[in-house]
Amino acid sequence: MNERIGIFFIIVGLVFDFLGCLGLIRLPDVYNRLQASTKCVTLGTCSILFGLFLFKGFTAAGIKALLCILFIILTAPVSAHALARGAHKFGVKLWDKSVCDKYAEDKEKGNSK
Amino acid sequence: MRRLRYFMGLAAIIIVFAVVILHPFPSLLEWQSPLLKHSFSMLFFCALFCLWRIAKGPTSADRAVAIDILGILVLGFCAILGIPTGRDWYIDIGIAWALQSFISTLALAKYLEGRNFDE
């Protein structure tokens, strides 16, 4: 029974991975690509690791998979934020139809370092 | 000339992937369930999408994003490889790869920002 639930979680994770990489190809802008791909791929890989945990149970590999989920949840938003900030400071233009750019407004006011 | 170099690099990467998958572990081809085989090929296509974005990306920020996503995908590869082969040390490779990927992404972001590395 555990293995069937694990295979279900792995399929969900694979679908999220595929959608994230499709967003990485199809979306028009660096920031849009970062948003779609980071969220989808993080959730997808976390689901795959949870499926591995359901397969292995409370052995060494299963607990390592849980630790890996914790590590990804902690570090993926940090790296995505750093990449977005670096791209904005690098001077990558936004898409033409983007609505607002709060970071540039803050820079004009002189509030950000 | 530049495009030719890109395609040569892509061909080299695909050949290395194929050799690593097919040659030294023939037991990997005897899967217990066909579902895991299909999931492996699906992740392989996701990695090819990321490589396409790395080759084509208009700015260097795109390439940094694609490298970050590729690092997370390799973790999924390691997790799925651990199930049908029964070797538990694949998840160790995954943990080490996640650490290296996080540190390298932070370094790339600092490089894009234009600062020194010791700040």
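A.B. asks: Explain the overall build of chain B to me, and be specific about the residues and the numbers.
C.D. replies: Helix and strand counts for chain B stand at four helices and zero strands. Going through the 119 residues of chain B one by one, you find that 30% of them count as buried. Taking the intrachain contacts of chain B between residues at least 6 apart in sequence as the baseline, contacts between residues at least 24 apart amount to 48%.

A.B. asks: Help me get a handle on helix H3 (residues 60-90) of chain A, residues and values and all.
C.D. replies: Residues and elements named next belong to chain A. With 31 residues, H3 should reach 45 Å at 1.5 Å per residue; the first-to-last C-alpha distance of 43 Å fits that figure. At Thr 75, H3 shows its maximal kink, close to 30°; a proline, Pro 77, follows between one and four residues later. Once H3 ends, the next one or two residues include Gly 91, with phi positive near 100°.

A.B. asks: Tell me about the nonpolar core, and name the residues and values.
C.D. replies: The tendency in soluble globular proteins is for nonpolar side chains to be buried side by side. Judged by nonpolar contacts, the single largest core of 54 residues is most densely connected at A:Leu49, A:Leu83, B:Cys50, B:Ile69, B:Leu73 and B:Ala79. If one sorts the elements of this core by residue count, helix H3 (residues 60-85) of chain B sits on top with 15 residues. Setting aside its immediate chain neighbours within four residues, B:Leu73 contacts A:Asp17, A:Val41, B:Leu43, B:Cys46, B:Ala47 and B:Cys50.

A.B. asks: Summarise the interface of chain B and chain A; cite the residues concerned and give the values.
C.D. replies: Size of an interface: often given as the accessible area lost when the parts come together. With 39 residues of chain B at the interface, the matching set in chain A holds 37 residues. Elements that contribute at least two residues to the side of chain B that touches chain A include exactly helix H2 (34-56), H3 and helix H4 (90-113) of chain B. With 15 residues, the top contributor of residues to the side of chain B that touches chain A is H3(B). Counted by class, the side of chain B that touches chain A contains 25 nonpolar, seven polar and seven charged residues.

A.B. asks: Lay out the environment of A:Arg4 in plain terms, naming residues and giving numbers.
C.D. replies: Relative to the assigned elements, A:Arg4 resides in helix H1 (residues 2-26). For the pair A:Arg4 and A:Arg85, spaced 81 residues apart in the sequence, the C-alpha separation amounts to 42 Å.

A.B. asks: Could you give an account of the packing of helix H2 (residues 30-56) of chain A against H3(A), with specific residues and numbers?
C.D. replies: Axis separation between H2(A) and H3(A) bottoms out at 9 Å; the angle between their running directions is 175°. For the element pair H2(A) / H3(A), the angle class is roughly antiparallel.

A.B. asks: I'd love a proper account of the confidence of the model for chain B, names of residues and values included.
C.D. replies: Looking at chain B, pLDDT values average 81 and 82% of them are 70 or higher. Averaged over each element, pLDDT in chain B is lowest for H2(B) (81) and highest for H4(B) (90).

A.B. asks: Describe the environment of B:Ala98, naming the residues involved and giving the relevant values.
C.D. replies: With respect to the secondary-structure elements, B:Ala98 resides in helix H4. Residue class for B:Ala98 comes out buried when judged on the 21 C-beta atoms lying within 10 Å of it. For the pair B:Ala98 and B:Ala66, spaced 32 residues apart in the sequence, the C-alpha separation amounts to 15 Å. Among residues more than four places away in sequence, those in contact with B:Ala98 are A:Cys68, A:Phe71, A:Ile72 and B:Leu75.

What counts, and at which threshold
Residues numbered from 1 in each chain as written. Chains lettered and ligands numbered in written order. Predicted model: local features only at pLDDT ≥ 70, side-chain atom pairs only at ≥ 80, totals over all residues. Helix = DSSP H or I, 4+ residues; strand = E, 2+ residues; numbered from the N terminus. Buried ≥ 20, exposed ≤ 12 C-beta atoms within 10 Å, placed from the backbone. Contact = placed C-beta atoms within 7 Å. Expected span 1.5 Å × (residues − 1). Bend = angle between axes of the 7 residues up to and from the residue. Core = buried A, V, L, I, M, F, W, Y, C linked by C-beta atoms within 7 Å. Nonpolar A, V, L, I, M, F, W, Y, C, P; charged D, E, K, R; others polar. Axes fitted to C-alpha atoms, helices over the stretch in contact; angles between N-to-C directions. Parallel < 35°, antiparallel > 145°, perpendicular 65-115°, else oblique. pLDDT = per-residue confidence, 0-100.

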